[in-house]
Amino acid sequence: MANTFIMIKPDGVKRAIIGELISRFEEKGYRLIAAKMVTITNELADQHYQEHRNKEYYPGLKEYITSGPVFAMVWAGEDIVEQSRILIGATDPAQAKVGTIRADFGTDKRRNVIHSSDSLENARREINLFFSAL
Ligand code: GDP
Ligand code: MG
């Protein structure tokens, strides 16, 4: 059993699909441990996306991720880090497999609706960043 950090990005919150996205994880048998609406500050964006700060797309990514509230969550389940990456689909919605969240709801490579930690180590780091009491 593991925990992971999943976040509905500002485009997902604006489109009012939080409930629908939560259902996708509940239907898979995963358990919601914690959740909150957060507006990401510039500092939190730099910390969360520390590996991306030197990328050419980072200014656009930072503007997008701070543009409105996100819905931050901790989920638990068997192999949830790997499995949730499969459920959300590839970074670019145009490349994401049919039936994945990004294929169904994503707009483009930046506005791809949802984030999910890519490793156990990053899951721990991101959970601590957003839910320091956990
Ligand atoms: P993820 O783990 O699938 O979310 O993808 P990455 O860790 O590679 O990138 C983090 C986030 O940065 C993505 O979810 C996108 O929102 C954004 N992003 C990544 N690569 C690109 C890119 O090439 N162009 C743009 N515009 N945004 C990107
Ligand atoms: Mg990533």
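Draft legend 1. Structural context of the overall build of the protein. Scanning the protein for helices and strands turns up seven helices and four strands. In the protein, the succession of α and β elements from N to C terminus is β-α-α-β-α-α-β-α-α-β-α. Whereas a compact globule of 134 residues would reach a radius of gyration of roughly 14 Å, the protein reaches 14 Å, a difference of no more than 12%. Each of the 134 residues in the protein was classed as buried or not, and the buried ones make up 48%. Considering only residue pairs separated by 6 or more positions, the protein has 78% of its internal contacts joining residues 24 or more positions apart. Within the protein, the 18 negative side-chain charges are centred at a point lying 2 Å from the centre of the 18 positive side-chain charges.

Draft legend 2. Layout of the nonpolar core. Residues Leu 21, Phe 25, Trp 75, Ile 101 and Ile 114 are the most contacted members of the largest nonpolar core, which totals 20 residues. Sorting the residues of this core by element identifies strand 1 (2-8), helix 2 (18-27), strand 3 (70-77), helix 5 (80-88) and helix 6 (101-105) as the ones contributing at least two each. With four residues, the single largest contributor to this core is helix 2. Beyond its immediate stretch of four places on either side in the chain, Trp 75 contacts Ala 2, Asn 3, Thr 4, Ile 6, Ile 22, Phe 25, Glu 26, Tyr 30, Arg 31, Leu 32, Ile 33 and Ile 80. Within the second largest apolar cluster, 18 residues are counted, among which are Val 38, Leu 44, Ala 72 and Val 74.

Draft legend 3. Local environment of the site of ligand 1. The environment of ligand 1 is formed by Lys 9, Tyr 49, His 52, Tyr 57, Leu 61, Arg 85, Thr 91, Arg 102, Lys 109, Arg 110 and Asn 112. His 52 has a polar side-chain atom sitting 3.2 Å from an oxygen atom of ligand 1. Interatomic distance of 3.3 Å between a side-chain N/O atom of Lys 109 and an oxygen atom of ligand 1. The fraction of the free accessible surface of ligand 1 (540 Å²) that becomes covered by protein chains is 82%.

Draft legend 4. Region of interest: the pattern of salt bridges. A complete count under the given rule lists five salt bridges for this structure. In this structure, Asp 46 and Lys 62 form a salt bridge, with 3.0 Å as the shortest nitrogen-oxygen distance. Highlighted residues: Asp 46 in helix 3 (residues 42-48) and Lys 62 in helix 4 (residues 58-65), separated in sequence by 16 residues. Judged by relative accessible area, Asp 46 falls into the buried class, the value being 14%. The partner of Arg 111 in a salt bridge is Asp 108, and the shortest N-O contact between them spans 2.6 Å.

Reading the values: the criteria
- Residues numbered from 1 in each chain as written.
- Chains lettered and ligands numbered in written order.
- Predicted model: local features only at pLDDT ≥ 70, side-chain atom pairs only at ≥ 80, totals over all residues.
- Heavy atoms only, no water.
- Helix = DSSP H or I, 4+ residues; strand = E, 2+ residues; numbered from the N terminus.
- Rg over C-alpha atoms; globule rule 2.2 N^0.38 Å.
- Buried < 20%, exposed > 50% of the residue type's maximum accessible area, 1.4 Å probe, protein only.
- Contact = heavy atoms within 4.5 Å.
- Lys, Arg positive; Asp, Glu negative; His and termini not counted.
- Charge placed at Lys NZ, Arg CZ, Asp CG, Glu CD.
- Core = buried A, V, L, I, M, F, W, Y, C linked by side-chain atoms within 4.5 Å.
- Near = heavy atom within 4 Å.
- Polar contact = N/O pair within 3.5 Å; in protein donor to acceptor, adjacent residues only side chain to side chain.
- Areas by Shrake-Rupley, 256 points an atom, 1.4 Å probe, with all protein chains shown as cover.
- Salt bridge = Lys/Arg side-chain N within 4 Å of Asp/Glu carboxyl O.

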